[in-house]
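Chains, contacts and geometry: an overview
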Amino acid sequence: MAVNSGAYQAIKKELDNKKAILVAVSKTKPAADIMALYNLGQRDFGENYVQELLAKQPQLPTDIRWHFIGHLQSNKVKYIAPFVSLVQSVDSLHLLKEINRQAAKNNRVIDCLLQVHIAQEETKFGFDEKELEAALQPAVMAQFPHARIRGLMGMASFSNDADLVRNEFRRLHALYRQYAALYPSFTSLSMGMSGDYPTALEEGSTMVRIGSLLFGSRS
């Protein structure tokens, strides 16, 4: 399936009305599909795999804002540090430390979101609430001048239980508001994907990650 331009225009209009950012999840999709959305005005693209992102990035326009949204291993940070716009999936202080180190080497400040584990599945990564509280102490944050925390990211349970998903988003939004009151740099709450983004928007998301609705199902 080619890029669904009609779906893109409709989703983009909906998000613009809510003042939310669309991140087009382009993992496994060729550069030509990314260019098709780029030519419609899309600039924020999300990738899950470092190797794939490294292959695509040189082929595409330099004003694309690349979001890394997958599980990121510390030893891979150095490869994307020169150009990544936002690392959405910071799931440990160990990873944040390495992002800070590699950003300093590149004379950059890299924007980051802390990933919070809100789902029932154990397979998802992220801070729990106690770990988040410990990480977001001013004395801890001061150790990372080259990794700027812009907010939180989370993935709801993969479930048909709409109330469960809504409650998970609601809980994450409450955490976001709690820390946004302390940190002016907090401007982004990334939650919601193709299957649940309308609920996420209702519960306060400022950024959604959508792939299959735009690009079709992945091979």
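Below, the structure is looked at part by part. (Residues numbered from 1 in each chain as written. Predicted model: local features only at pLDDT ≥ 70, side-chain atom pairs only at ≥ 80, totals over all residues. Heavy atoms only, no water.)

Looking only at helices and strands, the chain has 10 helices and eight strands in total. Relative to the globule expectation of 17 Å for 219 residues, the C-alpha radius of gyration of the chain, 17 Å, shows essentially globular dimensions. Reported as C-alpha extents along the three principal axes, the dimensions of the chain are approximately 50 × 45 × 30 Å. Within the chain, residue pairs in contact and separated by at least 24 positions form 59% of the contacts whose partners lie at least 6 positions apart. Taking the average place of the 25 positive charges on the side chains of the chain and the average place of its 22 negative ones, the gap between the two points comes to 6 Å. (Helix = DSSP H or I, 4+ residues; strand = E, 2+ residues; numbered from the N terminus. Rg over C-alpha atoms; globule rule 2.2 N^0.38 Å. Contact = heavy atoms within 4.5 Å. Lys, Arg positive; Asp, Glu negative; His and termini not counted. Charge placed at Lys NZ, Arg CZ, Asp CG, Glu CD.)

All chains considered together, the criterion is met by three aromatic pairs. The interplanar angle of 25 degrees and the centroid separation of 6.1 Å between the aromatic rings of Tyr-176 and Phe-186 together place this pair among those described as stacked. Taken together, the positions of Tyr-176 in helix α8 (residues 162-180) and Phe-186 in the loop between α8 and β7 (188-190) put the pair 10 residues apart, joining distant regions of the chain. In this structure Tyr-176 comes out as buried when scored by relative accessible area, which is 10%. On the basis of relative accessible area, Phe-186 is assigned to the buried category, the value being 6%. Seen in terms of ring centroids, Tyr-183 and Phe-186 are 5.8 Å apart; in terms of plane orientation they differ by 25 degrees. Their pairing is stacked. (Phe/Tyr/Trp six-rings, centres within 6.5 Å; stacked < 30°, edge-to-face > 60°. Buried < 20%, exposed > 50% of the residue type's maximum accessible area, 1.4 Å probe, protein only.)

Grouped together as the largest cluster of nonpolar side chains are 63 residues, with contacts concentrated most on Ile-99, Cys-112, Leu-132, Leu-152 and Leu-214. The element best represented in this core is α8, accounting for six residues. When neighbours within four sequence positions are excluded, Leu-132 is seen to be in contact with Leu-114, Val-116, Phe-127, Leu-152, Leu-175 and Tyr-179. Grouped together as the second largest cluster of nonpolar side chains are five residues, Leu-86, Leu-113, Met-153 and Met-207 included. (Core = buried A, V, L, I, M, F, W, Y, C linked by side-chain atoms within 4.5 Å.)

When you line up the elements, Leu-136 lands in the loop between α6 (129-135) and α7 (138-141). If we ignore the near neighbours within four places in the chain, the residues touching Leu-136 are Leu-114, Met-141, Tyr-179, Tyr-183 and Phe-186.

Of the two faces of strand β2 (residues 44-47), both are covered, the one formed by Asp-44 and Gly-46 as well as the one formed by Phe-45 and Glu-47. The pairing of strand β1 (residues 21-25) with β2 spans two bridges and is classified as parallel. The residue of β2 that forms the bridge with Ala-24 is Phe-45. With helix α2 (residues 31-38) bridging β1 and its parallel neighbour β2, the resulting β-α-β unit is right-handed. Here β2 pairs with strand β3 (residues 65-68) via four bridges, running parallel. Across the sheet, residue Asp-44 finds its bridge partner in β3, namely Arg-65. Once the chain exits β2 it traverses helix α3 (residues 50-56) before rejoining the sheet at β3, and the crossover so formed is right-handed. (Pairing = 2+ DSSP bridges. Right-handed = clockwise from strand over helix to strand, strands pointing away.)

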